Amino acid sequence: MAKTPVAKNEELTVTVEDLTYEGMGVAKVDGYPLFIDGALPGERAVVHVVKAEKKFAFARLKTLETTSPDRVTPRDAAYTQTGIAPLQHLAYPAQLAFKAAQIRNLYKKAHLDVPVKETLGMAQPSGYRNKAQIPVRMVNGQPTTGFYKRRSHELLPLEDFYIQDPKIDTAVLVVRDLLRRYGVPAYDEATNTGVIRHIMVRRGYFSHQMMIVLVSRTWAVPYLDELVAGITAALPEVVSIVLNLNERATNVILGKKTQMLYGTPYLEDSLLGSRFRISPLSFYQVNPTQTEVLYTQAVEAAGLTGQEVVIDAYSGIGTISLTMAKHAKQVYGVEIVPEAVADARENARLNGVTNAEFVLGKAEDVMQAWKEEGLHADVLMVDPPRKGLAPEFVAAVGVMLPPKVVYVSCNPATLARDIAALQGFGYKATATQPVDMFPQTTSIESVTVLTRAE
Ligand code: SAH
């Protein structure tokens, strides 16, 4: 093997120049990058090389010789080790600046001339998550909850998850203690044996309703009645307990089949004055206060007057569709998860909305079909998963040519790619507004408006 500029176990002093999109400090030795967890730009640091690859190395921060003015005391090293809060050592205003800068860098690389506004942040950037999916594993012979260390299969026991609603942390401990009391075995990944794999909890920020999902390898769970009775006795907010079956040896958390154990098959919450039912398998934004900020930006960007036909692609349980329906003539939603489409239809009914229709299918297929039917949309709203828009979707936009596209993105890399493709059809992106949905983490959410001169 060719010699690398630094070797494993070497110790050296470096100056940190940059932060990766994963929040790792980057230092260079003769142009060879060293990635250092917890190091910030401008800092001089003594590091220990843990892994040296051909083109880059990973190093551990040992001591800091100078510190960045943006450094704050991290809450707990565990949050960096697990990736729960990889930016916890960076002051919150600097986190917001980092996110806008990431988008600007990607635009520059893609030769896009789109202004990026300052990130809209939270007043209290912790305890915000309304959902948790916590792995359960046997540690010292006991079912234990925590989080995996990054790039490993080792569970780090944790009780305070920092960025989750503290009531969710409490609920996880209640379930863990019941599993311990009744000796219900946790799942074992190595052998695909054992029973309880994950505890998923959702809590409505506005409603305070709670749903508990036990993800199990088998339908048969010892002491199931006792677990349900124990949960409802300890947690009066619980309105729903569900058993989810996931038999396979996989990293995917939820299986496709569920069985009701207690209460309703959904929980309810509200956003911007509308009520929403949320089923266990449906997507729901995890940061409720910032979701209101995000949706307000999207609705304003759409510039609705009550006359418009709106397509909401990737519509989930209809949160954006129903918010827009109040200001539009007609809204068409499309979504791939059947439970989410059923929730969206029910949510329209709950809110007395009669001008929103939801179609089950792949956005790329349904968009092609709408194009062939000659559907005209004034506003196309898209909120795709990380992989962004499918090429067939973009092609259909190029024929339908809605005058305005509002793009909500959770991945600036695919956003930049898709903006470039839409520019090919005569669209121009006027601005991108980042909204911080995930404080202490490196995830970047944003709203971009694209218009097309007719
Ligand atoms: N706009 C909604 C949901 C956004 S998340 C909200 O704000 O709550 C993205 C959604 O896209 C998820 O509900 C996911 O199930 C759905 N999805 C993923 N791939 C899809 C595809 N190819 N076609 C349609 N929907 C898809």
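Worth saying up front: this structure is predicted, and the values here are computed from it rather than measured.

Draft legend 1. Representation of the domain arrangement of the chain within the structure. Taken as a whole, the chain is organised into domain 1 (11-71), domain 2 (104-122 + 287-452) and domain 3 (131-271). Just the C-alpha atoms count here: the centres of domain 2 and domain 3 sit 32 Å apart. Across the boundary between the two partners, domain 2 contributes 10 residues, which contact six residues of domain 3. When domain 2 packs against domain 3, close to 650 Å² is buried across both sides, 74% of that on carbon and sulfur atoms.

Draft legend 2. Representation of the layout of surface pockets within the structure. One number sums up the size of the second largest pocket: a volume of about 610 Å³. Contributing elements (two or more residues each) for the lining of the second largest pocket: strand S4 (44-52), strand S5 (57-66) and helix H1 (77-81). Here the lining of the second largest pocket takes four residues from S5, the largest share from any one element. For the lining of the second largest pocket, the per-class residue count stands at eight nonpolar, six polar and eight charged. Residue-level mapping places the lining of the second largest pocket at the junction of two domains, with at least three residues from each of domain 1 (11-71) and domain 3 (131-271).

Draft legend 3. Local environment of the site of the ligand. As a structural note, the neighbourhood of the ligand is formed by 17 residues, with Tyr 295, Tyr 314, Glu 335, Ala 363 and Asp 383 the closest of them. A distance of 3.2 Å separates an oxygen atom of the ligand from a polar atom in the side chain of Thr 319. Take Ala 363: an N or O atom from its main chain is 2.8 Å from a nitrogen atom of the ligand. In the complex, the protein chains occlude 89% of the 580 Å² of accessible area that the ligand would expose alone. For the shell around the ligand, the class distribution of residues is eight nonpolar, five polar and four charged.

Draft legend 4. Representation of the sheet that holds strand S11 (residues 238-245) in the model. Read from one edge of the open sheet, seven strands run S8-S7-S6-S9-S10-S11-S12, paired in mixed fashion. Single-partner strands in this sheet number two, and they are strand S8 (155-157) and strand S12 (257-263). The mean angle between the axes of side-by-side strands here comes to 35°, regardless of whether they run parallel or antiparallel. Across four bridges, strand S6 (residues 131-139) lies against strand S7 (residues 142-148) in antiparallel orientation.

Draft legend 5. Fine view of helix H5 (residues 288-302). A rise of 1.5 Å per residue sets the reference length of H5, with its 15 residues, at 21 Å; its end C-alpha atoms lie 21 Å apart and thus fit the reference within 8%. Among the residues making up H5, those that are buried are Pro 288, Gln 290, Thr 291, Leu 294, Tyr 295, Ala 298, Val 299, Ala 301 and Ala 302. Close packing links the buried residues of H5 with strand S13 (267-271), helix H6 (319-325), strand S18 (379-382), strand S19 (404-409), strand S20 (427-435) and strand S21 (445-452). Gly 303 sits one or two positions beyond H5 and adopts a positive phi of about 55°.

Calculation rules
Residues numbered from 1 in each chain as written. Predicted model: local features only at pLDDT ≥ 70, side-chain atom pairs only at ≥ 80, totals over all residues. Heavy atoms only, no water. Domains from an automatic or database assignment. Contact = heavy atoms within 4.5 Å. Buried area = accessible area lost by both parts, 1.4 Å probe. 1 Å grid on protein atoms, 1.4 Å probe; cavity = no way out; pocket = protein on both sides within 12 Å on 5 of 7 lines; lining within 4 Å. Points joined across faces, edges and corners; volume = space filled by probe spheres on them. Helix = DSSP H or I, 4+ residues; strand = E, 2+ residues; numbered from the N terminus. Nonpolar A, V, L, I, M, F, W, Y, C, P; charged D, E, K, R; others polar. Near = heavy atom within 4 Å. Polar contact = N/O pair within 3.5 Å; in protein donor to acceptor, adjacent residues only side chain to side chain. Areas by Shrake-Rupley, 256 points an atom, 1.4 Å probe, with all protein chains shown as cover. Pairing = 2+ DSSP bridges. Axes fitted to C-alpha atoms, helices over the stretch in contact; angles between N-to-C directions. Expected span 1.5 Å × (residues − 1). Buried < 20%, exposed > 50% of the residue type's maximum accessible area, 1.4 Å probe, protein only.

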